[in-house]
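Residue-level listing of the chains:
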Amino acid sequence: MMPRTTTPPTPHAVLPAVPESGSWEQVATREVSKALLYLPPWLIGFLLFGLGFVFHVTLRSDDPQTIAWTTAAIITCVLVLTALTWRQSHARSMTGRAHTTLTTLAGGLWVCAATINGPATTVTGRLILIGGVAFALSFNIRTVIRAKQIDVSGAVADPLSFLFNRGADKAGLPPVQARTIQATAHKVTGEVQLSEGRQIADDLQKKVPYIESGIGLPPGSITTAVDPDDASKAKVIISDARVMKQPIAWPGPSRIGASIAAPIRPGLWQDLDEVEYVIVGHHVQVMGKTGAGKSIGGAWNMLAEIVTRSDAAVFCIDITKGEQTLGPLKAALHRLETSKEGARTLLGEMFEKIKPRTDLLASKGLQKWVEGCGLTYWVLWLEEFPDIYDALSDKQQEQFLSLIKAIRSAGGTVVLSLQRSDWTQMPTIARGQLAKMCFGVDSSADASFGLSEAQEEAGCRPELWSNKQPGMAYLDAPSIPEDRIAMPMRTYAWGITAAGAFDDEHANAQMRAHAAAFPAIHKDIDPMTATLARLSAEALAAPAPLPALDNPHTDDESDAYGDDDEDVREVAAEYLATDDPDPEVSAGLDDEITDFPDGEPPLTFAPPEQTMTPEQRGAVLMARLHELWDGGARDVGTGDFKMLWESTDISRAWFQKQMKRLSEAGVIGAYDDDRNRYLMPTRPELP
């Protein structure tokens, strides 16, 4: 506020501006407050002198035995106070903790000496004069350092305490005690002790934006959660929100061949820890505005993980965009419906199989689906859900709501993806069954439909992202820790080129190659799931072609065993020449095949083989090389590609030949004979 002049200026003289009385009072109050910060150490010195004088006078006429017991009591109190000071100052730096504790000990011992000898004798008097002044000045120096915010040692010893000491006072928060539990390069994790009986974790959460402002941190850097064991404490994580501003390339699937009951990894939290999300046992709402990443960031990342799991089948419906979003995944899907009639048929057929599945589980003594129960877990992904729901008749809508309520225990998860989950787009009874994954939205009003109540109370603000940071999201679901539901995450980005830019065609080719590497037709599924599946040759649509390298031959299997490549033929020979496992068993072509005796198990057959084109095989190989490179590998060996000949018709011989060709063409590096591995100095890219 600018000071006002008491009289207007005249042409002859300009009078100095005089602050109004309120301004003078504010200045005086501020200066007095600063001065009072330095007064307590001196007051304590006078208090100690007074205690020594009183104790000496009152004990001077007592008998020696009384003096001895009194002195012992004083020493005991001094030791207790010293130990208590050390314990209660744990949140301070080691220097500050030692300083406070030694001051308490020294002051107590001086009182004990003054009680016996008197406070003004030669020894005790000079000790209080010299030592007391020194200790008081040392505390004043620490006060100045804290006022200038240069308590470096405190920051190093306890970063969380240091940050909160800087920000809490500026935020108008009553004194709190913060303690670091863990500090890494990307985050500080700790707990805050609140004022017992006066504060709870919600009070701290409401002040978080102001604490961030007081510390000078980017918005969203601090996340808090309730301590489940103590209502007077809060869990706190401080991380750098700015690390989420750049896309993070998809590193490949996390647990190939594992059960769907194991966590999937759709992205990274803001503190750069991996998201570990178990999708089994509940339904999910994925919400976000156009361009916020709910389809590519949400659908692609979760489905790319799910299709690699051994006991999961994925059924998808998208009648709005057809195959634009989910088409690249088609080879790995057990069914994809893009028409209204197809959507109605799939939902009806799935509903009819709910009771047989629950009956089968009940016959095994199970109340819900568990890993190894014999049933394939269903994931039903409904893209642009409002259009699908509107396409259903009233009876079909009721049937769908019944499916939502029953399929969870029957072994299934329904994911409903949409742009705004208000009452006109999402049935209320369905919304209450859903976990929440919320991408960027337009406004706080829209955010209220995409966030859980706990996320809203924690201050989540997806409207700050809108669609400017695609892939950013909040996730509140079972298996997500309480202290993570308010922490932003970023889903992985597909189609990131070697130059770090996003390319839409590259993203589609990358997803098609991934889906081709995990074809649905090769999965072992239960009979009820098989009747729902719609698999055909079209389901194995070819990914982007692999351009031919400098080789005059074709890339079919016969070429892999050509006479011009002795090394390949030697590798193949290891697997073509095998011992007869049972030489006593022999049969001719015309011999009759007899039935098994009663009680013998029935014959089982392997799933039909997938016949891939040379272009498909090449795309799958390149996709695997990209996965390994993006995951941090800088050299590769045969074992890194075992999944290819276990899940596709790619053979080791074909693989060996193509790796040699890629090395000769400079796509990958040379072969290291000592380590039996190909080097990868750069990300493999075809010329």
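Throughout what follows, the structure given in this document is the object of discussion. Because the structure is a prediction, the values reported are computed rather than measured.

With respect to the packing of helix 3 (residues 64-88) against helix 4 (residues 94-117)
Where helix 3 contacts helix 4, the two axes come as close as 9 Å, and the packing angle between them is 170°. As the angle between them shows, helix 3 and helix 4 are arranged roughly antiparallel. Only Met94, Arg97, Ala98, Thr100, Thr101, Thr104, Leu105, Gly108, Leu109, Cys112, Thr115 and Ile116 of helix 4 make contact with helix 3, whose side of the interface consists of Thr71, Ile74, Ile75, Val78, Leu81, Thr82, Thr85, Trp86 and Arg87.

Here's the deal with the pairing of strand 10 (residues 412-418)
Counting buried positions along strand 10 gives 7 out of 7 residues, so the element sits mostly inside the fold. Alternating positions in strand 10 separate into two faces, Gly412, Val414, Leu416 and Leu418 on one and Thr413, Val415 and Ser417 on the other, with burial throughout. Where strand 6 (residues 283-287) and strand 10 come together, 4 bridges link them in parallel fashion. Counted as the bridge partner of valine 286 is serine 417 from strand 10. For strand 9 (residues 377-382) and strand 10, the ladder comprises 5 bridges, and the chain directions are parallel. Looking at strand 10, one finds that valine 379 is bridged to threonine 413.

A closer look at the nonpolar core
Residues Tyr277, Ile279, Leu303, Ile306 and Leu475 are the most contacted members of the largest nonpolar core, which totals 66 residues. Counting residues per element, the ones that place at least two in this core are strand 5 (267-269), strand 6, helix 9 (294-306), strand 7 (312-317), strand 9, strand 11 (434-439), strand 12 (472-476) and helix 17 (504-517). With 6 residues, the single largest contributor to this core is helix 9. If sequence neighbours within four positions are ignored, isoleucine 279 has contacts with Ile260, Ile264, Val284, Met302, Ile306, Tyr377, Thr413 and Val415. The next biggest cluster of nonpolar side chains, apart from the first, holds 30 residues, and it includes Leu380, Ile388, Leu392 and Leu418.

Here we look at the packing of helix 17 against helix 21 (residues 614-630)
Each packed pair of helices is defined by two parameters, the angle between the axes and the distance between the axes. Remark: helix 17 packs on helix 21, axes separated minimally by 8 Å, with the N-to-C direction vectors making an angle of 105°. Taken together, the axis directions place helix 17 and helix 21 in an arrangement best described as roughly perpendicular. On helix 21, the residues that touch His506, Gln510, Ala513, His514, Ala516 and Ala517 of helix 17 are Ala619, Val620, Ala623, His626, Glu627 and Asp630. Split into classes, the residues belonging to the contact of helix 17 with helix 21 amount to 6 nonpolar, 4 polar and 2 charged.

Some points on unusual backbone geometry
Of note in this structure, serine 479 is not a glycine but carries a positive phi near 85°. Mapped onto the elements, serine 479 comes out in the loop between strand 12 and strand 13 (489-491). In this structure serine 479 comes out as partly exposed when scored by relative accessible area, which is 39%. One non-glycine residue, asparagine 676, lies in the positive phi region at around 55°.

As for the sheet that holds strand 13
Taken in spatial order, the 9 strands line up as 5-13-12-11-6-10-9-7-8 in an open sheet, and their pairing is mixed. On the outer flanks of this sheet lie strand 5 and strand 8 (335-337), each paired with one strand and no other. Adjacent strand axes in the sheet meet at a mean angle of 20°, parallel and antiparallel pairs treated alike. Pairing analysis gives 3 bridges linking strand 5 to strand 13, with the strands arranged antiparallel. Across the sheet, the residue bridging to leucine 268 is arginine 490, located in strand 13. Of the strands in this sheet, strand 7, strand 8 and strand 9 touch helix 10 (residues 340-352), which is tilted by about 135° from strand 8.

Examining the state of the cysteines
A complete count under the given rule lists 0 disulfides for this structure. Cysteine cysteine 460 remains unbridged, with the sulfur of cysteine 438 as its closest cysteine sulfur at 8.7 Å. We classify cysteine 460 as buried; its relative accessible area is 8%.

Examining the packing of aromatic side chains
Within this structure, the stated rule accounts for 10 aromatic pairs. Note on phenylalanine 641 and phenylalanine 655: the rings are 4.7 Å apart at their centroids and 40° apart in plane angle, and the pair reads as tilted. Of the two residues, phenylalanine 641 is situated in the loop between strand 14 (635-636) and helix 22 (642-647) and phenylalanine 655 in helix 23 (residues 652-664); the sequence distance between them amounts to 14 residues. Exposure class is identical for phenylalanine 641 and phenylalanine 655. Each is buried. Taken together, the ring pairs in this structure connect Trp250, Trp300 and Trp494 into an aromatic cluster. Over the aromatic face of tryptophan 378 sits the side chain of arginine 357, whose NZ or CZ is 3.9 Å from the ring centroid. Taking NZ or CZ as reference, arginine 634 lies 3.4 Å from the ring centre of tryptophan 629, over its face.

Focus on a nonpolar patch on the surface
A surface patch of nonpolar side chains, about 700 Å² in accessible area, is lined by Leu39, Trp42, Leu43, Phe46, Leu129, Ile130 and Val133. Elements that contribute at least two residues to the nonpolar patch include exactly helix 2 (40-59) and helix 5 (122-147). With respect to the helices, strands and loops of the structure, valine 133 is situated in helix 5. We classify valine 133 as partly exposed; its relative accessible area is 31%.

What to know about the sheet that holds strand 14
Read from one edge to the other, the open sheet built from 3 strands follows the order 14-16-15, with strand pairing classed as antiparallel. Of all the strands in the sheet, the pair left with one neighbour each is strand 14 and strand 15 (671-672). One ladder, built from 2 bridges, connects strand 14 with strand 16 (residues 677-679); its direction is antiparallel. Note on strand 16: the bridge partner recorded for aspartate 635 is leucine 679.

Basis of the calculations
- Residues numbered from 1 in each chain as written.
- Predicted model: local features only at pLDDT ≥ 70, side-chain atom pairs only at ≥ 80, totals over all residues.
- Heavy atoms only, no water.
- Axes fitted to C-alpha atoms, helices over the stretch in contact; angles between N-to-C directions.
- Helix = DSSP H or I, 4+ residues; strand = E, 2+ residues; numbered from the N terminus.
- Parallel < 35°, antiparallel > 145°, perpendicular 65-115°, else oblique.
- Contact = heavy atoms within 4.5 Å.
- Buried < 20%, exposed > 50% of the residue type's maximum accessible area, 1.4 Å probe, protein only.
- Pairing = 2+ DSSP bridges.
- Core = buried A, V, L, I, M, F, W, Y, C linked by side-chain atoms within 4.5 Å.
- Nonpolar A, V, L, I, M, F, W, Y, C, P; charged D, E, K, R; others polar.
- Disulfide = S-S within 2.5 Å.
- Phe/Tyr/Trp six-rings, centres within 6.5 Å; stacked < 30°, edge-to-face > 60°.
- Lys NZ or Arg CZ within 6 Å of the ring centre and 35° of its normal.
- Patch = residues over 30% accessible without salt bridge, like charges linked within 9 Å, V, L, I, M, F, W, Y side chains within 5 Å.
- Areas by Shrake-Rupley, 256 points an atom, 1.4 Å probe, with all protein chains shown as cover.
- Salt bridge = Lys/Arg side-chain N within 4 Å of Asp/Glu carboxyl O.

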